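Remarks on the overall topology
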Amino acid sequence: MSVASAVAEQVLNGLVVGMVYVLLAAGLSIIFGVMDVINFAHGELFALGAYFAFAIAGPLGDAGFWVALVAAPLLVGVIGMGIERLTVKRLYGRDPLYHILLTFGLVLIINDLITSVWGKSAQPFPVPSVLDQPVALFGFNYSLYNYGIIVFGSILALGTWLLLNRTRFGMIIRAGSEDREMVRNLGINIDRYYTLTFGFGAALAGTAGIVLGAYQNVSPTMGSSVIIPAFVIVVLGGLGSFRGAVVGGLSVGLIQTFARTYAPFLEGLIVFLLMIAVLVVRPTGLFGTDIGGGEHHDGALLHGAGGGVLSSETRAKVGYAAVGVLVLVPFFAELTGVTYSVTLLEDILIWALFALSLDLVLGYAGLVSLGHTLFYGVGAYASVLTLMHISPSVLVALLVAIAVCAAIAWVVGYLSIRVSGVFFAMITLAFAELFYNAVFKFDFTGGSDGLFGVDVFYGLAGIGIDPDAFEIPLGVLTVDGGVVQYYFLLAVVVGSYLLARRLIRAPFGTVLQSIRESEERASFIGYDVTAHKRRAFVVSGGLAGLAGGLFAANNGYVAPSFLHWINSGEVIVMTVLGGMGTLYGPMIGAGVFVAAEDILSSYIDQWQLVIGVLFVLFVIFVPRGLVSLPKTVADHPMFESTVGDRSNDRTGVKETEVEQHD
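Just so it is clear, the model here is predicted, and its values are computed rather than measured.

1. Some points on the overall build of the protein
For the protein, the count of helices and strands is 25 helices and eight strands. Here the C-alpha radius of gyration of the protein, 27 Å, is about what a compact globule of 662 residues would show, namely 26 Å. For the protein, the spread of C-alpha atoms along the three principal axes comes to 90 × 75 × 60 Å. Counting the 662 residues in the protein, one finds 53% classified as buried. Here the contacts in the protein between residues at least 6 apart in sequence split such that 78% fall between residues at least 24 apart. Of the roughly 28,500 Å² of accessible surface on the protein, 64% is carried by carbon and sulfur atoms. One finds the centroid of the 31 positive side-chain charges in the protein at a distance of 11 Å from the centroid of its 45 negative side-chain charges.

2. Quick notes on helix α15 (residues 394–416)
Compared with an ideal rise of 1.5 Å per residue, which puts 23 residues at 33 Å, α15 spans 31 Å between its outermost C-alpha atoms and is within 8% of the ideal. Among all positions of α15, only V394, A397, L398, A401, C405, A406, I408, A409, V412, G413 and S416 are buried. The inward-facing, buried residues of α15 abut α14 (373–389), α16 (421–438), β4 (458–460), α17 (481–505) and α20 (529–555). Its side-chain oxygen placed 3.3 Å from the backbone nitrogen of L395, S393 serves as the N-cap of α15.

3. A short note on the packing of aromatic side chains
Taken as a whole and judged by the stated rule, the model has 30 aromatic pairs. For the pair Y51 and F54, a centre-to-centre distance of 6.5 Å together with 80° between the ring planes defines the contact as edge-to-face. Residue Y51 and its partner F54 are located together in helix α2 (residues 42–60), separated by three residues, close to a single helical turn. For the pair Y51 and F54, a shared accessibility class is recorded, and that class is buried. Taking the centre distance of 5.0 Å and the plane angle of 65° together, the rings of Y458 and F488 count as edge-to-face. Note that Y458 is positioned in strand β4 and F488 in helix α17, a separation of 30 residues in sequence. Residue classification places Y458 among the buried residues on the basis of a relative accessible area of 9%.

4. Quick word on the packing of α15 against α20
Viewed as axis vectors pointing N to C, α15 and α20 meet at an angle of 145°, and their least axial separation amounts to 7 Å. The element α15 and its partner α20 pack so that their crossing is right-handed. Of α20, the residues touching α15 (which contributes V394, L398, A401, I402, C405, A406, A409, W410, V412, G413 and Y414) are R534, F537, V538, G541, G542, G545, L546, G549, L550 and A553.

5. Overview of the pairing of strand β2 (residues 140–143)
What you see with β2 is a clean split: F140 and Y142 sit on the buried side and N141 and S143 on the side with no burial. As consecutive antiparallel partners, strand β1 (residues 134–137) and β2 are separated by two residues, and within that stretch F138 has a phi angle of approximately 55°, a positive value.

6. Notes on the domain arrangement of the protein
On domain assignment, one finds that the protein holds domain 1 (3–281) and domain 2 (312–629). In this structure, domain 1 and domain 2 have C-alpha centres spaced 34 Å apart. On the domain 2 side, the residues contacting the 40 residues of domain 1 number 41 residues. Of the roughly 3,600 Å² buried at the junction of domain 1 and domain 2 (both faces included), carbon and sulfur atoms supply 83%. When the buried surface of domain 1 facing domain 2 is broken down by residue, L101, F104 and L279 rank first, second and third, together holding 16% of it. Seen at the junction of domain 1 and domain 2, the total is zero salt bridges. Here domain 1 and domain 2 share six residue pairs in polar contact (both at pLDDT 80 or more) between them. Among the secondary structure elements, those contributing two or more residues to the side of domain 1 that touches domain 2 are α4 (96–118), α9 (222–237) and α11 (270–281). For the side of domain 1 that touches domain 2, the element with the most residues is α4, which contributes 15 residues.

7. Notes on the pattern of salt bridges
If you walk through the whole model with that rule in mind, you get five salt bridges. The partner of R184 in a salt bridge is D191, and the shortest N-O contact between them spans 2.9 Å. For K533, the salt bridge goes to E519, with nearest N and O atoms at 2.7 Å. One end of the pair, K533, is in helix α20; the other, E519, is in helix α19 (residues 519–525), and 14 residues separate them in sequence. The class of E519 is partly exposed, set by a relative accessible area of 38%. Connected through shared salt-bridge partners, E181, R184 and D191 make up one network.

8. Some remarks on the environment of S523
Considering the arrangement of structural elements, one finds S523 in helix α19. Put simply, S523 and E433 are 90 residues apart on the chain and 32 Å apart in space, counted from C-alpha to C-alpha.

9. Considerations on α11
Here α11 spans 16 Å end to end across twelve residues, near enough to the 16 Å set by a 1.5 Å rise per residue. Along α11, the residues classified as buried are V271, F272, M275, I276, V278 and L279. Down the axis, α11 shows its buried residues gathered within 165° of arc, on one side only. On its buried face, α11 is in contact with α9, α10 (242–262) and α16.

10. Observations concerning the packing of helix α22 (residues 584–603) against helix α23 (residues 607–621)
With their axes 9 Å apart at the nearest point, α22 and α23 run at an angle of 145° to one another. As α22 runs across α23, the sense of the crossing is right-handed. For the pair α22 and α23, contact is made by F593, A596, E597, L600 and S601 and by W607, V610 and I611, respectively. Along the lines of polarity and charge, the residues of the contact of α22 with α23 split into six nonpolar, one polar and one charged.

Calculation rules
- Residues numbered from 1 in each chain as written.
- Predicted model: local features only at pLDDT ≥ 70, side-chain atom pairs only at ≥ 80, totals over all residues.
- Heavy atoms only, no water.
- Helix = DSSP H or I, 4+ residues; strand = E, 2+ residues; numbered from the N terminus.
- Rg over C-alpha atoms; globule rule 2.2 N^0.38 Å.
- Buried < 20%, exposed > 50% of the residue type's maximum accessible area, 1.4 Å probe, protein only.
- Contact = heavy atoms within 4.5 Å.
- Areas by Shrake-Rupley, 256 points an atom, 1.4 Å probe, with all protein chains shown as cover.
- Lys, Arg positive; Asp, Glu negative; His and termini not counted.
- Charge placed at Lys NZ, Arg CZ, Asp CG, Glu CD.
- Expected span 1.5 Å × (residues − 1).
- Polar contact = N/O pair within 3.5 Å; in protein donor to acceptor, adjacent residues only side chain to side chain.
- Phe/Tyr/Trp six-rings, centres within 6.5 Å; stacked < 30°, edge-to-face > 60°.
- Axes fitted to C-alpha atoms, helices over the stretch in contact; angles between N-to-C directions.
- Left-handed = near helix turned anticlockwise from the far one by under 90°.
- Pairing = 2+ DSSP bridges.
- Domains from an automatic or database assignment.
- Buried area = accessible area lost by both parts, 1.4 Å probe.
- Salt bridge = Lys/Arg side-chain N within 4 Å of Asp/Glu carboxyl O.
- Arc of directions from axis to C-beta.
- Nonpolar A, V, L, I, M, F, W, Y, C, P; charged D, E, K, R; others polar.

The structure is reproduced here in structure tokens:
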């Protein structure tokens, strides 16, 4: 094959992948542009389309593919409309973070439904025989199905553009994206158009899933594997811009294909470097406008501070009691033989520290970081590399982890904090994905296998405890290295909480809270808003790195999964579930989430479905988190009427008694 033919083939491959991205990102971009909703479940709707088509086409043979190509997107569109009516609609007017949280819960639900019905293994989805043949063109043979993807995708993209720009439907939704109330005042039921728009975007995702499913295969992970590239495309092209989604999709498809062939080291890195560069230089993307990016929403982040019913003194006593219980757990575990409870508590404590670190920027500075797993993962890698090559001391390893993560957080914060809202969330996500893809490239990080087998020592300069050799019998109890490890972890987490609390109660924390309430007002008063945010981000990054380092030291390994974006999603879930802006709330949220995950996964296969449903309900009905639940219940009209009636009854008794006494 000549050089020209080889390049032409790569161009066609890039256009095939790019056209799938166009269909996927177009739906995502339309939904965001019109409704200001960042739909993290878009990838799962993409997978759902592929599986619906797989189920429809299987019994019908070759003709089934064509039936599925029409029926499956319609089904996904109907499901999308149902999602909008039942869940998304309830969050209009809130900060875009709540859309991210809600759709993250939907990711868990839809993914678990897919694996429940079709299993966890990938399955082949055959191309119809009429398209499964090569075509000789430009001097080489190329798949007819691939040509079909390019042509079909182009027609569908053109049709979508005409729908948005040349029809009454498109005119109304474009007007609604600019001013919803104005359209409503004209007598148009804009809510109905929003539902149709969400369904249309979901149908486009389902169509993309069918096309790619037949190109490769269908698998439960296909949704999570495309959602991040879809966000890259939407950001590159401009949030809410259909033209940007087309240009961005084709560009990313071509860049990925050529990088895979001619510069394999850059595959997986170059698009995120490009995304970071675009967000730093032109945050609105190539074709975006200043409208969008979550800047025209009416709501704000709802923190849990002030949502409890306990006084600060009572909360402090509860906190002391909780620490006391945690101190006694190893002894009860030894006596009862339920030693697994100690392992579970170690996981909870580490995630609690991770959630605490995120709360400093999310709950107090109002910065929505979608890439916080970057610091957790890098902290774990720094810790393990230090233990393997510098010193077996856990103290040294954790200090290195904190220092490395704080330094990276300063760089990321310097580049990221100049943008805000959704753009800040996206640039932090891009940095995390950049590091996630980078650890696969280097030998010193262990590639896809990670690093295993480290020996740890709790001390310095040979003075301390070797957990493998440490054992002190105390009657029926034995204090061994595992107990030492647990108490060390508990001391670090409690110490980190006290440090964070001291920081928040200091003038620095007060300024952060004023920035969260009103950034402009804080700036007018004379505070350097950017500097305070950056410092908070550095402290937060260091604490997240400490959490990652603790996990790696405790378990003796690190793997690329530590940097996977799903960790960022889970820690945000924990923070909001507990109640951000309270420090202790996110730690409670982490405990509830990890314990529920552990317990539910022991009894049912569909544990993600249960957690997803519970989380969606919490986002809708208890957005201030668990710490606000008592006050939410106390303020409920039904509770107030019941308590009020009883109070009146009691008042009546007293009055009666008084009357009797009188």
